[in-house]
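Each chain is listed here by its residues.
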There are 2 protein chains.
Amino acid sequence: MQATAFSPHDHSHCISSAIDHAQNLCTERGVRLTPVRQRVLELVWRSHQPIGAYELLAALAKEGFNSAPPTVYRALEFLGEQGLLHKLDSLNAYVGCCNPDTPHQGHFLLCEACNKAQELESQYINLALKLSADQHGFEIQRHTIEIIGTCKECLEKPNLLEPTL
Amino acid sequence: MQATAFSPHDHSHCISSAIDHAQNLCTERGVRLTPVRQRVLELVWRSHQPIGAYELLAALAKEGFNSAPPTVYRALEFLGEQGLLHKLDSLNAYVGCCNPDTPHQGHFLLCEACNKAQELESQYINLALKLSADQHGFEIQRHTIEIIGTCKECLEKPNLLEPTL
DNA sequence: GATGTTATGTTATATTATAACAACTGTCAA
DNA sequence: TTGACAGTTGTTATAATATAACATAACATC
Ligand SMILES: [Zn+2]
Ligand SMILES: [Zn+2]
Ligand SMILES: [Zn+2]
Ligand SMILES: [Zn+2]
């Protein structure tokens, strides 16, 4: 198993790689990764825990950015359109996209113990979704696929929440 | 293909069957399907279009029920716990469950043209989710699976939204 | 009918998201 | 260099969704 959000890794690399990638993509596409947009992306990548819009807003405010809701929602809208992040509907929170080169909605593992999210792109899931849709003559535009539970790391930890009696 | 939310059918049968089923389940389980709970369930089943909490609230108000938000959210919470409805996270709306006997989260086809939802329970999807989770040592507790697009009926309709020039 | 439990009423507030319009910034060409 | 335009940001207000907290009522059981 490769490195994931759930296993220990050099996260500063995740951040710098995501930002570099975003800058390149925006340049290629002729769109502007303005300071507030880049900062929101950095904040989203601060950890693998999805972050809410108002939490982002508070962080921006601390740093002297404009801090009215439209500011952050506009940045999130831009970043979403560029495929640089995903919204997790079951959490109303946002997480950086691991692979922003090609449009996709992704599949997510959400750990309720550590609150981290790992994006997947499973061809088995895509195939199963397609199969179900086809059976009903349904044409898929997009999807929300969020698998909620407990990650490997948290399963292996001594259970801190239920100490022995 | 059997009857679905998307195809024409005797919907009054859907409603009465859902309510009968709910009454039986609640009796068996020793829980109370009180008037407001039953009415909310009926309203949710009013159509196959998922309905929002505040739309339910407005409908209850018209009928003389108490109409403060906690009233409807409590009813939704109860009905959700009893497996009688599902929340669709991508819509913030609620839809009646077709098969409330056994606990499940379901998979949903959501048509953006007619706004109807069809619940599925695809073993292929379940298997594909399990496979992805297992590959990461992830233990699934629940999931949100919403497939958004256009249903068969709407695909077959002459396109009313884009008239010929 | 006293008691404990469940359900409902009520008020207030928290959380998430958007509408509407004004002001500013960068680009490019007349 | 000015004007025109598109894109971006600032600002204010409000919409939409959801919950906290505490009081009262209804129901069950003894
Ligand atoms: Zn990382
Ligand atoms: Zn992605
Ligand atoms: Zn029906
Ligand atoms: Zn169901």
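Our structure is the block above this text.
Conventions used here
Residues numbered from 1 in each chain as written. Chains lettered and ligands numbered in written order. Predicted model: local features only at pLDDT ≥ 70, side-chain atom pairs only at ≥ 80, totals over all residues. Heavy atoms only, no water. Donors = N, O, S within 2.8 Å, 3.2 Å for Na, K, Ca; no water. Helix = DSSP H or I, 4+ residues; strand = E, 2+ residues; numbered from the N terminus. Buried < 20%, exposed > 50% of the residue type's maximum accessible area, 1.4 Å probe, protein only. Pairing = 2+ DSSP bridges. Axes fitted to C-alpha atoms, helices over the stretch in contact; angles between N-to-C directions. Least-squares fit on C-alpha atoms with pLDDT ≥ 70 in both. Contact = heavy atoms within 4.5 Å. Near = heavy atom within 4 Å. Polar contact = N/O pair within 3.5 Å; in protein donor to acceptor, adjacent residues only side chain to side chain.

1. Remarks on the coordination of the zinc ion (ligand 4)
All names here are of chain B. Looking at the metal site, the zinc ion (ligand 4) is ligated by His 86 (NE2), Cys 97 (SG), His 104 (NE2), Glu 119 (OE) and Glu 119 (OE), spaced 1.9 to 2.6 Å from it. Here the donor residues of the zinc ion (ligand 4) share one chain and are spaced in sequence as H-x10-C-x6-H-x14-E. Note that His 86 is positioned in strand β1 (residues 85–88) and Glu 119 in strand β4 (residues 117–120), a separation of 33 residues in sequence. For the pair shown, His 86 and Glu 119 are each scored as buried.

2. With respect to the sheet that holds β4 of chain B
Taken together, the six strands give an open sheet; going across it, the order is β4(A)-β3(A)-β5(A)-β5(B)-β3(B)-β4(B), and neighbouring strands pair in mixed fashion. Looking at the sheet topology across the chains shown, the edges are occupied by β4 (117–120) of chain A together with β4 of chain B. Looking at each pair of strands side by side, their axes are set apart by 20° on average, direction ignored. As defined by bridge partners, strand β3 (residues 107–111) of chain A adjoins strand β5 (residues 139–150) of chain A across five bridges and the pair is classed as parallel. For Leu 109 of chain A, the partnering residue across the bridge sits in β5 of chain A and is Ile 147 of chain A.

3. Here's the deal with unusual backbone geometry
For Asn 92 of chain A, which is not a glycine, the phi torsion comes out positive at approximately 50°. Counting through the fold element by element, Asn 92 of chain A comes out in the loop between β1 (85–88) and β2 (93–96). Although it is not a glycine, Asn 115 of chain B sits at a positive phi angle of roughly 65°. Considering the arrangement of structural elements, one finds Asn 115 of chain B in the loop between β3 (107–111) and β4.

4. Here's the deal with the relation of the copies chain B and chain A
The two copies are related by a screw operation: chain B maps onto chain A through 180° of rotation and 0.0 Å of translation along the axis, at an RMSD of 0.0 Å. Here the two chains are linked by the operation of a two-fold rotation axis. Closest approach to the rotation axis among the C-alpha atoms of chain B is made by Ile 145 of chain B, whose C-alpha sits 2.4 Å away. Of the interface residues in chain B, 100% have counterparts in chain A that sit at the interface too, so the contact is made through matching surfaces.

5. Focus on the environment of Cys 154 of chain B
Relative to the helices and strands, Cys 154 of chain B resides in helix α6 (residues 152–156). Separated by 148 residues in the primary sequence, Cys 154 of chain B and Phe 6 of chain B place their C-alpha atoms 8.5 Å from one another.

6. Topic: the pairing of strand β2 (residues 93–96) of chain B
Residue and element names in this part refer to chain B. With burial as the criterion, each face of β2 is covered, one bearing Ala 93 and Val 95 and the other bearing Tyr 94 and Gly 96. Judged from the four bridges that link them, β1 and β2 form a sheet pairing that is antiparallel. Along β2, the bridge assignment pairs Leu 85 with Gly 96.

7. So, the protein's contact with DNA strand D
What surrounds DNA strand D is a group of 17 residues, the closest being Thr 34 and Arg 74 of chain A together with Tyr 54, Tyr 73 and Lys 87 of chain B. Here the atoms of DNA strand D within 4 Å of the protein split so that 49% fall in sugar or phosphate, with bases taking the remainder. Here a phosphate oxygen of DNA strand D and a side-chain polar atom of Asn 66 of chain A are 3.1 Å apart. Looking at the surface near DNA strand D, the elements that each hand over two or more residues are α2 (35–44) and α4 (69–81) of chain A together with α4 (69–81) of chain B. Counting residues per element, the surface near DNA strand D draws most heavily on α4 of chain B, which supplies four residues.

Function cannot be inferred from these measures alone, as they are strictly geometric.
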